[in-house]
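Summary of the model geometry
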Amino acid sequence: MTAITHDLVRELAQFDTGGDPVLTCYLNVDGRARVRPVDYAHDLDRLIRRSSDATSRAADADVEAVRSHVLNGLDRSRVRGLAIFSCESAGLFRVVDLPVPVHNRLVVASGPALDQLESVAEQLVPIGILLVDRQRIRVLVFAGGELAEHTESVGELPRDYDERGHAARGDVSSHVDELAHQHLRLAAKIAFDAFQAHGVSRVTIGGANESVAEVEQHLHPYLRERLVDRLGVAVGASLDEIRNAMLDLEARSERATEAAAVARLREVVGAGKAVAGLPDTLAALGERRVDQLLVSEGFEETGWRCENCTLLAAVGPTCDACGATMTHLDDVVAEAVQVALGQSCDVEVCVENADLDVVGRVGALLRY
Ligand SMILES: [Zn+2]
């Protein structure tokens, strides 16, 4: 599986087709919802029919290439989504297998439509998982939608230690406590070594509540500042249970990041440090003032591109910057995302964020 990183997104954003249109297809092939291959084959046919406007501008060879890749059998054991980029005339045909589902979408634009791929790349930065109780330590790393078990260690503390009838009861319980503290300090140390080696961006802890609360106190500051919500699973949870809990946690944490960015935008838009709505956002992109682009997932709008000076605009056909006559676009939003990525802006695709929707479904925090 190709590593889905921000570098891959940038590499695709910079692919030069010499002006030929690129067909981008995102297809959900998640086996949990689409049991038989014929299910996603029908989805693709529907998508192609529904997007006849777009496909009429695509080369037949590109539509055919996408169709034949999808219909010729997919190994879906680890694949839940596909991102396919095709521009045969420029020698581009790239399939990126995704470990997470995507929304079906077909776009024809002057470059690859990268919004969903960028959003997947964000989801896939490694997260460290530490599971502890009084007996056990498990350390795992979650990346690319997959779990890798790192360490499983059983502490020295026997489950029935305090039931063995030692004479001096007080001594036994303080000894048990000391072993328990040692065990949790060890857990913090094992986690630090493993997570630092993996360069994890975030850390989550799960297991028995008491142990979790204590191990948090022992965490190295490097890990403590990367802590996100606790993971609601037991130490003995199966890999499937942990994986599903992580997918939920990821989605929640991604929504929280988006909400924070949108809140920031709304806070500073009055002071001129952000813009909201399509016309102003496109203008800011044209002036290369965008630091972070925020866009509602699924937002599509017709618009214009100036072939003379590359400006994007919501209203045409005359270019505000150079006066040339612009080209009509089916989806200027997809173009804007591509331009932003090309300018090395951060792009945040926001899912079901009503606060962004009410200010026009797109906006940007500005560099100056
Ligand atoms: Zn122009």
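Residues numbered from 1 in each chain as written. Predicted model: local features only at pLDDT ≥ 70, side-chain atom pairs only at ≥ 80, totals over all residues.

This paragraph deals with the environment of G206. Mapping G206 onto the fold places it in strand β8 (residues 202-207). Judged by C-beta crowding, with 25 C-beta atoms within 10 Å, G206 ranks as buried. Separated by 161 residues in the primary sequence, G206 and R367 have C-alpha atoms spaced 39 Å apart. With sequence-adjacent residues up to four places away left out, G206 is seen in contact with L131, V212, R230, L231, G232 and V233. (Helix = DSSP H or I, 4+ residues; strand = E, 2+ residues; numbered from the N terminus. Buried ≥ 20, exposed ≤ 12 C-beta atoms within 10 Å, placed from the backbone. Contact = placed C-beta atoms within 7 Å.)

Of all six residues making up strand β5 (residues 127-132), six are buried, and the element is well covered by its neighbours. Side chains I127, I129 and L131 of β5 all project onto a buried face; the interleaved residues G128, L130 and V132 project onto the opposite face, where all are buried too. Bridge count for β5 against strand β6 (residues 136-143) is six bridges, and the pairing is antiparallel. Bridge pairing links V132 to I137 in β6. Taking the residues between adjacent antiparallel strands as the criterion, β5 and β6 are bridged by three residues. In the sheet, β5 pairs with β8 via six bridges, with the strands oriented parallel. Looking at the pairing, G128 lines up with V203 of β8. (Pairing = 2+ DSSP bridges.)

Among the five residues in strand β14 (residues 346-350), four count as buried, and that is most of the element. As paired strands, strand β10 (residues 290-296) and β14 are joined by five bridges and run parallel to one another. Within β14, the residue paired with S296 across the bridge is C350.

Moving on, we come to the domain arrangement of the protein. Domain boundaries assigned for the protein yield domain 1 (6-122), domain 2 (127-237) and domain 3 (257-366). Each of domain 2 and domain 3 was reduced to a C-alpha centroid, and the two centroids are 45 Å apart. (Domains from an automatic or database assignment.)

On to the sheet that holds strand β13 (residues 327-329), then. Taken together, the three strands give an open sheet; going across it, the order is β12-β11-β13, and neighbouring strands pair in antiparallel fashion. Lying at the two open borders of the sheet, with one neighbouring strand each, are β12 (312-313) and β13. Here strand β11 (residues 303-305) runs beside β12; their pairing, made up of two bridges, is antiparallel. Within the sheet, the bridge partner assigned to W304 lies in β12 and is A313.

Within the open sheet, the four strands sit side by side as β9-β15-β10-β14. Their pairing is mixed. Single-partner strands in this sheet number two, and they are β9 (274-276) and β14. Neighbour-to-neighbour, the strand axes of this sheet turn through a mean angle of 15°, independent of strand direction. Where β9 lies against strand β15 (residues 362-366), three bridges are found, and the strand directions are antiparallel. Following the sheet pairing, V275 is matched in β15 by A364. The sheet contacts of helix α11 (residues 332-342) involve β10, β14 and β15, and relative to β10 the element is tilted by about 150°. (Axes fitted to C-alpha atoms, helices over the stretch in contact; angles between N-to-C directions.)

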